[in-house]
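Coordinate inspection notes
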Amino acid sequence: MEQRGIPRLSGCQDVLAEEVAVRDVVSAGLRSLLALHGYRSVETPVLERADLYLRKSGGEMAARLLAMSDPGGERVSPRPEFTASVIRAYVEREAELPLPVRWQYAGPVFRAYPAEGSPVTQFTQIGAELIGSASPRADAEVVGIACRGLADAGLREYRLVVGHVGVLSGILEAMGLSDRAAMFLLGSTGRLREGDAGVSAVKERATELGLLGNRPGENKLADLAKDLSDDELRALLQSMVQGTRTEALGSRTPDEIVSRFLAKLRRADDPRRVEQAIDLLAHLCRIQGEAEPAFREAASHIQSRGLDPAPVARFQTLMDFMKTTDVPARDTTVDFGLARGIAYYTGLVFEMQHDSQAGVVRLGGGGRYDGLIRALGGRGDVPALGFAYSMERVVEALRAEGRAAPPGAGAERVLVVPEADAYPQAQAHASELRRRGVVAEMEVSGRTPEEALAYARGAGLTAVAVVDARGHVRETRLKEGHHAAPRSA
């Protein structure tokens, strides 16, 4: 197609009438289902402070942020997802909202995918957040609605994949790893499931971060600290600080600096434990498939390392509970490495997937994020979870199954053409057609009846009705259509 004018941004889409009509029907169905479960609609700004998305979303989401400076110098970003914005809105009204809060939303989100050749990607999310319940019933409700929405939209071949970040974080906590090491490893699950190359890459990165010890000669003080008592180490540090010029110490006293440095050295993770944790997670992250065998394999592997498999048992109990709800038992699998690239998840995570010729299409997903509200300024740890569909991918999957016909496809659409001095009569006929639920377009370009026929064929209309000054109508059928139901007055 010849390019004219100012081209649209790569990755952003013009959505034309037929596609909009399909999306409107799917969106209305999903939002109606959420409303029937008590989820009330909210709207949040498209543009937020960039820090809102950087604080807990993790490195993968941060890399996709379209951050920029506003005229006042504030770093801002169009939303890459809704959850952080919705939780910010909740935190601002926390004192006045009785729990649980059920909110739904819909709108465009924007992410950067420079590695894939597109600087910006725009897509539409429809989703919901359930704030204020740690009960497995809340997990089951959210996952059940997410699945029910796809089924009600007409999708048949999707599958549900369920993971649990809490299992992995519980294992790392039992191994005594620091929060820093645990966050790094939980954010590396995607690489760990790539096999030996991924494991090597994670170990290399862990070494760069000092989690697997320092390269020879890189940090002699850390190596020396392992063999000293606290008193001996403190005395060594004090001797190093003595004689330092006051202005070089900043606002802290020498004792404060020594105490902070001592704490940092003592908090350092045992490199052997970090390496063991990497190897354990690399195995767990590759366990996926039917629930019962997956749970047995995970529990067995954890026990073989001398650890308590209780986190796996809790995950299994949650899955058993979900069988009593709308969550489909068939086509549901477990994936211990599922993390969805978002760091704020703390428990259950899930995705709805669909196969296409190009591979797996992720229709949407979500999970539990019990620490996010406090991290974004809330008064305490309020449990919460949510999910979102990618509207474009849901429609793509429906189309692949032949279930995405636009509403009104095959409906009667008539071009009403007035003869000379017959415009009032043609208007009256068009009004009568519309009252009967027929789409009636008035000819407004001065076309002759022959020219109007050619236009109507090209536009896919079903008939042309020529109206004369006495109100008589000559109708030419172009193709069969059906009348929609008359609209009520």
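1. Quick notes on the pairing of strand 5 (residues 101-113)
Counting buried positions along strand 5 yields ten of 13 residues, so the element is predominantly enclosed. One ladder, built from two bridges, connects strand 1 (residues 40-41) with strand 5; its direction is parallel. Note that in strand 5 the partner of Arg40 across the bridge is Trp103.

2. Observations concerning the packing of aromatic side chains
For the structure on display, the rule yields seven aromatic pairs. Relative to Phe336, the ring of Phe295 lies with its centre 6.1 Å away and its plane at 90 degrees, an arrangement referred to as edge-to-face. Taken together, the positions of Phe295 in helix 14 (residues 291-304) and Phe336 in the loop between strand 9 (332-335) and strand 10 (348-356) put the pair 41 residues apart, joining distant regions of the chain. Take Phe295 and Phe336: they sit in the same class, and that class is buried. Centre to centre, the rings of Tyr344 and Tyr345 are 5.3 Å apart; their planes meet at 75 degrees, and the pair counts as edge-to-face. The same class applies to Tyr344 and to Tyr345, which are both buried. Between the NZ or CZ atom of Arg447 and the centre of the ring of Tyr455, over which it lies, the distance is 4.2 Å.

3. Details of the pattern of salt bridges
This structure, assessed with the given rule, holds 31 salt bridges. In this structure, Asp51 and Arg55 form a salt bridge, with 2.8 Å as the shortest nitrogen-oxygen distance. Here Asp51 falls in the partly exposed class, since its relative accessible area comes to 40%. Here Arg55 falls in the partly exposed class, since its relative accessible area comes to 43%.

4. Overview of helix 5 (residues 136-152)
Think of an α-helix as 3.6 residues a turn; residues three or four steps apart then line up on the same face. The first and last C-alpha atoms of helix 5 sit 24 Å apart over 17 residues, in line with the 24 Å expected at 1.5 Å per residue. Along helix 5, the residues classified as buried are Ala138, Asp139, Ala140, Val142, Val143, Gly144, Ile145, Ala146, Cys147, Gly149 and Leu150. Looking at where helix 5 begins, the residue whose side-chain oxygen comes 2.9 Å from the main-chain nitrogen of Arg137 is Ser135. Just beyond helix 5, the residue with positive phi is Gly154, at close to 110 degrees.

5. Here's the deal with the side chain of Arg88
Tracing the chain through its elements places Arg88 in helix 4 (residues 83-92). Ignoring anything within four residues of it in the chain, the contact list for Arg88 reads Thr44, Pro45, Glu48 and Leu52.

6. Quick notes on the sheet that holds strand 14 (residues 439-442)
On the basis of which strands lie adjacent, the open sheet formed by four strands has the order 14-13-15-16 and mixed pairing. The open sheet has two free edges, formed respectively by strand 14 and strand 16 (473-477), since each of these has just one partner strand. Averaged over neighbouring strand pairs, the angle between their axes works out to 25 degrees when direction is ignored. Of the pairings in the sheet, the one linking strand 15 (residues 463-467) to strand 16 comprises five bridges and is antiparallel in character. Each residue of the ladder has a partner; that of Val464, found in strand 16, is Thr476. Each of strand 13 (413-418), strand 14, strand 15 and strand 16 touches helix 18 (residues 423-435); the most contacted strand, strand 14, lies at about 160 degrees to it. Relative to the sheet, helix 19 (residues 449-459) contacts strand 13, strand 14, strand 15 and strand 16, its axis offset from that of strand 13 by approximately 165 degrees.

Definitions and cut-offs
Within every chain, residues take consecutive numbers counted from 1 along the sequence as written. For a predicted model such as this one, the threshold for reporting local features is a pLDDT of at least 70, and the threshold for listing and counting side-chain atom pairs is 80 or more; totals across whole chains, interfaces and linings nevertheless cover every residue. Computation of side-chain values covers all heavy atoms of the structure but excludes hydrogens and water. Only protein chains enter the accessibility calculation, which uses a 1.4 Å probe; a residue is then buried when its area is under 20% of its type maximum, exposed when over 50%, and partly exposed in between. Under the scheme used here, helices are H or I runs from DSSP no shorter than 4 residues and strands are E runs no shorter than 2 residues, and both carry numbers assigned from the N terminus. Note on pairing: two strands pair once DSSP finds at least 2 bridges between them. Note on aromatic pairs: the rings of Phe, Tyr and Trp (six-membered ring only in Trp) are paired at centre separations within 6.5 Å, and the planes decide the class, stacked below 30 degrees, edge-to-face beyond 60, tilted for the rest. Comment: the charge-over-ring label is applied if NZ (Lys) or CZ (Arg) is within 6 Å of the ring centre and within 35 degrees of the ring normal. Salt bridge, as applied in this entry: a Lys or Arg side-chain nitrogen positioned within 4 Å of an Asp or Glu carboxyl oxygen. Helix span, as expected, comes to 1.5 Å for every residue beyond the first. Think of a polar contact as two N or O atoms within 3.5 Å of one another; within protein, one of them needs to be a possible hydrogen donor and the other a possible acceptor, and neighboring residues in sequence only count if both atoms come from side chains. In what follows, a contact means two residues having at least one pair of non-hydrogen atoms within 4.5 Å. Interaxial angles span 0 to 180 degrees and are taken between N-to-C directions of axes, which are lines fitted to C-alpha atoms, for helices over the stretch in contact.

That is the geometry; function is a separate question.
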